[in-house]
Amino acid sequence: MGAVTYPDPAVERLIQEHFIPVQFNVAEQPQAMEQFNTPWTPTLIVQDADGREHRRTQGYLDPQRFRAEMSLAWLQSAINRQDFAAAQQRTGEALEATEGDPTREPEATYWAAVASYKSSGDVQNLLQGWNRLLDTFPQSEWAKRVEFIRA
């Protein structure tokens, strides 16, 4: 990822705007793999300042998938902290970054509906978002998690 993903200007901008990167050379610091409970590299772990983990992914990510993962992490961190106003603001970036990604776009759609509901208190926002998820990505894992709303 150091040769292709990290030098990408959009990746650099995303990291600079939203994250503080820390990288371990596991050949020189093998204890880092145990400390962070990861048997494989590369592993990306998004934590907050208190060390709470908000997202983890393992394996190579090209620049587009990296931006999608990190945008989801940024959205999830706001949801996990129950900062629903921030989560609502972050949904646009997550939806844009995941557009066309068959794995991550359904997840972004799911969390966008959650953020909309939690920030407004209006359950119709949740149902509308989840219905959009069911209509747009009916075979996705995320649609299967909400199909109960149509039962």
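We now turn to the structure provided with this report. (Residues numbered from 1 in each chain as written. Predicted model: local features only at pLDDT ≥ 70, side-chain atom pairs only at ≥ 80, totals over all residues. Heavy atoms only, no water.)

**Here's the deal with the packing of aromatic side chains**
- Counting across every chain of the model gives seven aromatic pairs.
- The interplanar angle of 85° and the centroid separation of 5.8 Å between the aromatic rings of Tyr-6 and Phe-66 together place this pair among those described as edge-to-face. One end of the pair, Tyr-6, is in the segment before helix H1 (9-18); the other, Phe-66, is in helix H3 (residues 63-80), and 60 residues separate them in sequence.
- For Phe-66, a relative accessible area of 2% puts it in the buried group.
- Geometrically, the ring pair formed by Tyr-110 and Trp-130 is stacked, given 5.2 Å between the ring centres and 20° between the ring planes. Note that Tyr-110 is positioned in helix H5 (residues 104-120) and Trp-130 in helix H6 (residues 123-136), a separation of 20 residues in sequence.
- On the basis of relative accessible area, Tyr-110 is assigned to the buried category, the value being 14%.
- Residue classification places Trp-130 among the buried positions, given a relative accessible area of 9%.
- Here a set of aromatic residues connected by ring pairs shows up, and it is made of Tyr-110, Trp-111, Trp-130, Trp-142 and Phe-148.
- The lysine or arginine in question, Arg-145, covers the ring of Trp-142, its NZ or CZ lying 4.0 Å from the ring centre. (Phe/Tyr/Trp six-rings, centres within 6.5 Å; stacked < 30°, edge-to-face > 60°. Helix = DSSP H or I, 4+ residues; strand = E, 2+ residues; numbered from the N terminus. Buried < 20%, exposed > 50% of the residue type's maximum accessible area, 1.4 Å probe, protein only. Lys NZ or Arg CZ within 6 Å of the ring centre and 35° of its normal.)

**What about the packing of H3 against H5?**
- Two elements in contact, H3 and H5, have axes separated by 11 Å at closest approach and are oriented at 20°. Between H3 and H5, the interaxial angle falls into the category roughly parallel. Two packed elements cross with a definite hand, and for H3 against H5 that hand is left-handed. For the pair H3 and H5, contact is made by Arg-65, Ala-68, Glu-69, Leu-72, Leu-75, Gln-76 and Ile-79 and by Arg-104, Glu-107, Ala-108, Trp-111 and Ala-115, respectively.
- Tallied by class, residues from the contact of H3 with H5 come to seven nonpolar, one polar and four charged. (Axes fitted to C-alpha atoms, helices over the stretch in contact; angles between N-to-C directions. Parallel < 35°, antiparallel > 145°, perpendicular 65-115°, else oblique. Left-handed = near helix turned anticlockwise from the far one by under 90°. Contact = heavy atoms within 4.5 Å. Nonpolar A, V, L, I, M, F, W, Y, C, P; charged D, E, K, R; others polar.)

**Things to note about the side chain of Thr-43**
- Summarising the element assignment, Thr-43 is placed in strand E1 (residues 43-47).
- In this structure the side chain of Thr-43 is engaged in a polar contact, spanning 2.6 Å, whose partner is the side chain of Thr-38.
- Within the local environment of Thr-43, its side chain forms a polar contact with the backbone oxygen of Trp-40, the two atoms lying 2.4 Å apart.
- Sequence-distant contacts of Thr-43, that is, excluding residues within four places in its chain, are made with Thr-38, Arg-56, Thr-57 and Gln-58. (Polar contact = N/O pair within 3.5 Å; in protein donor to acceptor, adjacent residues only side chain to side chain.)

**Here we look at the packing of H5 against H6**
- It is the contact of H5 with H6, at a shortest axis distance of 7 Å, that shows an interaxial angle of 170°. Viewed along their axes, H5 and H6 adopt a mutual orientation that is roughly antiparallel. Contacts between H5 and H6 pair Pro-106, Thr-109, Tyr-110, Ala-113, Val-114, Ser-116, Tyr-117 and Ser-120 from the former with Val-123, Asn-125, Leu-126, Gly-129, Trp-130 and Leu-133 from the latter.

**What about the pattern of salt bridges?**
- For the structure on display, the rule yields 12 salt bridges.
- Notably, a salt bridge pairs Arg-67 with Asp-8, separated by 3.4 Å at the nearest N-O pair. Remark: Asp-8 occurs in the segment before H1 and Arg-67 occurs in helix H3; sequence separation between them is 59 residues.
- Exposure remark for Arg-67: the relative accessible area of 25% places this residue in the partly exposed category.
- One connected set of salt bridges, linked through shared partners, spans Arg-55, Glu-69, Asp-101, Arg-104 and Glu-107. (Salt bridge = Lys/Arg side-chain N within 4 Å of Asp/Glu carboxyl O.)

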